[in-house]
Amino acid sequence: MSLPGLDQEASSVAVVQEQSNTITLKPNSEWRYEVSNDETIKVKLIDGFAEIFGTEISQNIEYTFRGPLKSCIFTYRGCKLQFSGDPSSEYVSEETTMPIYFNLHTLLEEQRKYVTAQNLSRKPNDRLKGPRVLIIGSKDCGRTSLARILVSYAQKMDRQPLLVSLNPQESAFTPPGVLTGTPISEMLNVENINLGETITTGASFYHQKQPIVKYYGSESLEKNEPLYKYEVSRLGVSCLSRLEEDPIVGNSGLVVDTPPLSIKNLNIIENIISDFEINVLVVIGNERLSIDLKKKLTKLNNPPSDPSKKLNLVKVAKSGGCVEKDDSFIRSRQQRVIKEYFYGFDKIVLSPYTITVAYNEVILFQSTNTNEFDQSLIPSADSFIPDSSNADRKGRSTMNFFSRFEPSESSLQHCILTMVNPSQLDLQKYLYTKDDSGLMEDVANSSVLGFAYVIGADDSKERLRILIPQPSKQLPSKVLILTDYRLASYFGGRSVNSVEMPSSGSLSPDVAPGSIKPSKKVSLNSCQRVDQVPRLTKIVELKSCKNHHKTEAGILPE
Ligand SMILES: Nc1ncnc2c1ncn2[C@@H]1O[C@H](COP(=O)(O)OP(=O)(O)OP(=O)(O)O)[C@@H](O)[C@H]1O
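Residues numbered from 1 in each chain as written. Predicted model: local features only at pLDDT ≥ 70, side-chain atom pairs only at ≥ 80, totals over all residues. Heavy atoms only, no water.

A few words on the pattern of salt bridges. Under the counting rule described, the total for this entry stands at 18 salt bridges. The residue Lys129 makes a salt bridge to Glu244 at a minimum N-O spacing of 3.5 Å. A residue pair is termed long-range when its members are at least 10 positions apart, and Lys129 in the loop between helix H2 (98-119) and strand E11 (132-136) and Glu244 in helix H4 (residues 225-245) qualify at 115 residues. Accessibility expressed as a relative area gives 14% for Lys129, which makes it buried. Two residues, Arg288 and Asp292, come together in a salt bridge whose shortest N-O distance is 3.6 Å. In this pair, Arg288 and Asp292 both sit in helix H7 (residues 287-300), four residues apart, roughly one turn of the helix. For Asp292, a relative accessible area of 16% corresponds to the buried category. Three or more residues are tied together by salt bridges with common partners; here these are Arg66, Arg336 and Glu340. (Salt bridge = Lys/Arg side-chain N within 4 Å of Asp/Glu carboxyl O. Helix = DSSP H or I, 4+ residues; strand = E, 2+ residues; numbered from the N terminus. Buried < 20%, exposed > 50% of the residue type's maximum accessible area, 1.4 Å probe, protein only.)

The next thing to look at is unusual backbone geometry. Of note, the amide linkage connecting Gly67 to Pro68 takes the cis form, showing an omega dihedral of 5 degrees. Note on placement: Pro68 falls in the loop between strand E7 (62-66) and strand E8 (69-75). Unlike most non-glycine residues, Phe53 shows phi in positive territory, near 45 degrees. Within the secondary structure, Phe53 is located in the loop between strand E5 (50-52) and strand E6 (55-57). Look at Phe53 and you get buried, because its relative accessible area is 15%.

Around the ligand, the surrounding shell holds 20 residues, and the nearest of these are Lys70, Arg143, Thr144, Ser145 and Lys325. Separating an oxygen atom of the ligand from a side-chain N or O atom of Lys325 is a distance of 2.7 Å. Residue assignment for the shell around the ligand shows that the elements contributing at least two residues are strand E3 (29-35), E8 and helix H3 (143-156). The residue makeup of the shell around the ligand, split by class, is six nonpolar, seven polar and seven charged. The two domains that each donate at least three residues to the shell around the ligand are domain 1 (13-93) and domain 2 (98-117 + 129-324 + 523-557). (Near = heavy atom within 4 Å. Polar contact = N/O pair within 3.5 Å; in protein donor to acceptor, adjacent residues only side chain to side chain. Nonpolar A, V, L, I, M, F, W, Y, C, P; charged D, E, K, R; others polar. Domains from an automatic or database assignment.)

What follows is the structure in structure tokens.
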């Protein structure tokens, strides 16, 4: 006997639990799941199309997701998933913000098309740049997820955008504590979201990413805000020159992910806008922040003479799936990323190298805590202009971003160090002198070569045992900078019995390269083409649209 009304309700739910581990998703719905620390779930797409933060997953390939993890699998057209393992939480939601994010992608793609067409008739030094997008919002509002979605969709359209991560707590493609800029020319690794494959991880199924990495060393912006701004500006210079030199990347633009920022961090936001020549500022789910930013940025900036530098503010909704990442979740993920940097994971096993170096063979720096030095030495925000003119460099050289320290067991045991390469200096002379003039600035301007882990420091023998990722009898660089990250104990060589590589499988993307033809009439609730939207005259709010219409490529939100 059935109760009146219940049948009707049951048929409207998006999920049908056919077996205990099979999930059927209706179009435009997502399966959200959480995996606890050290737990693993395996998921297979057995029918239809699905994606993880914009990256397509293949049918009949088993994907392994290791905790701690909070994530989702979304489908535009409906799909059937099978999973094994024990997620700590899992449910299906139809309240997705993906169509909104897709609309934002369409808006950016329109701008890329416009820029590509314009650049055909322009000289190399006069080329326009594709959209430069900055994503901001409060903690856990989904900035990183949106950044991944936007670069993945762009990559599916055969673009090569730069993914810039300015959040040292969760650096992209590296261990934490650094700022990165990475050209995305191939799909992202959905199983290993933070790290993925880089050139240090050897042969892999996924295309290896080659980030440019700048040191910051901490996740607290307050600890050394001048250094943070400085490194952001140096990364900005590198990223913009990549956009200028490489026409494919230049037409594709860049997407900048940030730490949680509020209106109190206006100074940092303004710096990022100028350092990366941002022209699309996306605020996630924070009405107050977008209104405050509109007021402040309109007041503080005169309209630029160059129309391609106009700044447009776009407000998008926060996904209901975004979950708060507590401190223990963040720490466990960071520890896992660091271990994987040295040892790889089940599918790509790495063998790091242990070397021994004498205390007097290395030059060690640590980031200065700004609370500890003379505030009058901090240059004003205006001096962090991405410009390498001599006057500017001279001004900065008075700034002590770093302090040198002597190696000892108490200061170095189990610490993570970054290796930087100030190549233009005769380092030998700095090994035996305390005069750091010239060295500090060179260190601040260098890129990070890689990371090292101090297994042990022996004060009696004055020797360090260091783990490095590449085969070498000596350190690739004698200049090392301390980060705030330590591992509780030496994690030792992990033994892994089998090395399994996923077979390639054929991809049938929801958004196949070149297959989507954005509707000529992109109806985005008052959105105009990004480069035509007047500067901050109106906050554009992207909304999802319930109606869909068929295109050659499939379903496209109207
Ligand atoms: N639709 C969704 N369903 C399930 N989980 C999601 C969804 N969107 C985001 N998440 C998860 O929510 C968490 C927060 O998202 P994300 O890391 O993108 O936010 P953030 O704003 O970058 O965070 P932070 O402030 O820590 O930098 C992440 O673990 C992410 O995987």
